[in-house]
Amino acid sequence: MRATPLDRRHAFYRGRARALSGEPSMNATVSVIGLGRMGSALARAFLKAGIPTHVWNRSPEKASALAGRGAVLAPSEAAAAAAADIVAVCVSTYADSDRLLRSPEVAAALRGKLIVQLSSGSPNQAREQAQWAAGNGTAYLDGAIMATPDFIGEPGGTVLYSGPRALFEANLPVFAALGGNPQFVGEDVGHASALDLSLLGQMWGALFGQFQAAAICQAEGIALDLFEEHRQAFLPVVEGAVVDLITRIRDRRFAADAQTLASLDVHYGAFGLLLQLCGERGLHDLVPRAQDNLFRKAIDAGHRQDDFAAIAQFMR
Ligand code: NAP
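Residues numbered from 1 in each chain as written. Predicted model: local features only at pLDDT ≥ 70, side-chain atom pairs only at ≥ 80, totals over all residues. Heavy atoms only, no water.

### Re the site of the ligand
Neighbouring the ligand are 21 residues, the closest being Met-38, Asn-57, Ser-59, Lys-62 and Ser-120. Leu-35 has a polar backbone atom sitting 3.1 Å from an oxygen atom of the ligand. For the ligand, an oxygen atom lies 3.1 Å from a polar atom in the backbone of Val-91. Bound to the protein, the ligand loses 76% of the 900 Å² it would expose on its own. If you list the elements that add at least two residues to the shell around the ligand, you get helix H2 (37–48) and helix H5 (94–101). The element contributing the most residues to the shell around the ligand is H2, with 3 residues. Classifying every residue of the shell around the ligand gives 8 nonpolar, 9 polar and 4 charged. (Near = heavy atom within 4 Å. Polar contact = N/O pair within 3.5 Å; in protein donor to acceptor, adjacent residues only side chain to side chain. Areas by Shrake-Rupley, 256 points an atom, 1.4 Å probe, with all protein chains shown as cover. Helix = DSSP H or I, 4+ residues; strand = E, 2+ residues; numbered from the N terminus. Nonpolar A, V, L, I, M, F, W, Y, C, P; charged D, E, K, R; others polar.)

### Examining the pattern of salt bridges
Summed over all chains, the structure comprises 15 salt bridges. Arg-231 serves as the salt-bridge partner of Glu-228, at 2.8 Å between the closest nitrogen and oxygen. Of the two residues, Glu-228 and Arg-231 are both situated in helix H11 (residues 224–251); the distance of 3 residues between them amounts to about one turn of the helix. Residue classification places Glu-228 among the partly exposed residues on the basis of a relative accessible area of 29%. Taking the shortest distance from any N to any O, the salt bridge between Asp-244 and Arg-248 comes out at 3.5 Å. Taken together, the residues Asp-244 and Arg-248, both in helix H11 and 4 residues apart, mark about one turn of the helix. Of the residues examined, Arg-248 reaches a relative accessible area of 0% and is grouped as buried. When salt bridges that share partners are traced, they join Asp-244, Arg-248, Arg-253, Asp-257 and Asp-307 into one network. (Salt bridge = Lys/Arg side-chain N within 4 Å of Asp/Glu carboxyl O. Buried < 20%, exposed > 50% of the residue type's maximum accessible area, 1.4 Å probe, protein only.)

In structure tokens, the structure reads:
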């Protein structure tokens, strides 16, 4: 049987995970602060990789659940910070993290350690945290987890890291415990969060698109299973258009040319039918109205016959 692109991708990650975990640097000790769905998955993965792991959580029962797997329960967040070389933080927000880490006791325990911030935050929050850490004598890497907890520790688990490259490289075998695809994305410490938000932004575009699609099918009496079948068949067309769009935005090729797949005018003609259908069937049109606004900005500025990519000029 021939390997599919997905099989090849999994094989790539398995090979990469083996290569990374072959490095002998498991002398490191890790603390995980924050043991919600994601933090618990991180702690389990460190333990599975044989890395001594201390854990602390505001609600102690989540820490106790990890004791059976070999985690050392820290009696306080300061004790967790003091116990390990690498302090991985995974709480709801950076503000929650700040409240935990910036008390005098915890800040003192963090001196000379490495914080790996794995809570979700904005690029500027990451930069502010790095600045605080530097002032505290603490090394800092920012991480963005591009996965759900079930991917953590698995070959395809991806975490993006930004900050000093040397810190990332020195600790790569530890990060490999979290999944086969640890990626360094830049010395600007805000870039892991920025890339996270750009990837999530396009994900939400697609997910909200599914609400629109499902509403149309349901209003028109089309089975969602039939929609799904055709969505799968349409995927390569959409993916091709996305790749084309990214390339054109990168190269600023906004004018229509021989490679143009569809002009802005052609897109807008079909898009008008979507708005019309929303009106006829009483479907929510908030999302298409916002998209209509962007179409009109480009059209009013004289780009109607340009490539669809011309809209990119109106995003800032
Ligand atoms: P969760 O299950 O809701 O857990 C939240 C964690 O934050 C818990 O450990 C909670 O402690 C702790 N916490 C919240 N406020 C706190 C405070 N003021 N002081 C101390 N601890 C506090 O969330 P999660 O899914 O683990 O997500 C954690 C982070 O990972 C978030 O930033 C999320 O965006 C990110 N992330 C999650 C996923 C995912 O698929 N779940 C994917 C990528 C990134 P208690 O247990 O005491 O409430």
